[in-house]
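# Tertiary structure, described
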Amino acid sequence: MRRRAIHPLVGLMILLGTLGIVYTLFAHPTVLFRQLLFVALFIAAIYLFYRFVYQRRTDKERLSYLKAVRQSKKLHPRSGRKQPKPAKLKRPLKKRTATPHLTVIDGKKGKKKNRASF
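Residues numbered from 1 in each chain as written. Predicted model: local features only at pLDDT ≥ 70, side-chain atom pairs only at ≥ 80, totals over all residues. Heavy atoms only, no water.

### Some remarks on the overall build of the chain
Across its full length, the chain carries 2 helices and 0 strands. Classification of the 118 residues of the chain by burial places 1% in the buried group. For the chain, the computed accessible surface area is about 13,600 Å², with 63% contributed by carbon and sulfur atoms. (Helix = DSSP H or I, 4+ residues; strand = E, 2+ residues; numbered from the N terminus. Buried < 20%, exposed > 50% of the residue type's maximum accessible area, 1.4 Å probe, protein only. Areas by Shrake-Rupley, 256 points an atom, 1.4 Å probe, with all protein chains shown as cover.)

Printed below as a string of structure tokens:
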């Protein structure tokens, strides 16, 4: 079964939108250009807000993060090269043994509780 490229309602909406734009272009061209100008101004306002307000705030956060990283590196110096670890003493592996001082306590497994006495 072949899948359709676009849903019929979406195609209808696109068709009606293009017909409306073409009609407005021939009937009222100044209204169309004014609407396009408002859309362009709106997009420019969103871009400028992002560029000058939001991005500066994230840059300040990033700079404070980088400052904290520098301070952390000063407190905990690490060289770029791996330092050789001191040789560990090799101890023979011990087998785990059961501890003899622990015993299993058998409780009252077979006796059922009398719930009426509570």
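Structure's up, so let's keep going.
### Observations regarding a nonpolar patch on the surface
Residues Y47, L48, F49, Y50, F52, V53 and Y54 make up a contiguous nonpolar surface patch of roughly 740 Å² in combined accessible area. Of note, Y47 is situated in helix 2 (residues 29-75). (Patch = residues over 30% accessible without salt bridge, like charges linked within 9 Å, V, L, I, M, F, W, Y side chains within 5 Å. Salt bridge = Lys/Arg side-chain N within 4 Å of Asp/Glu carboxyl O.)

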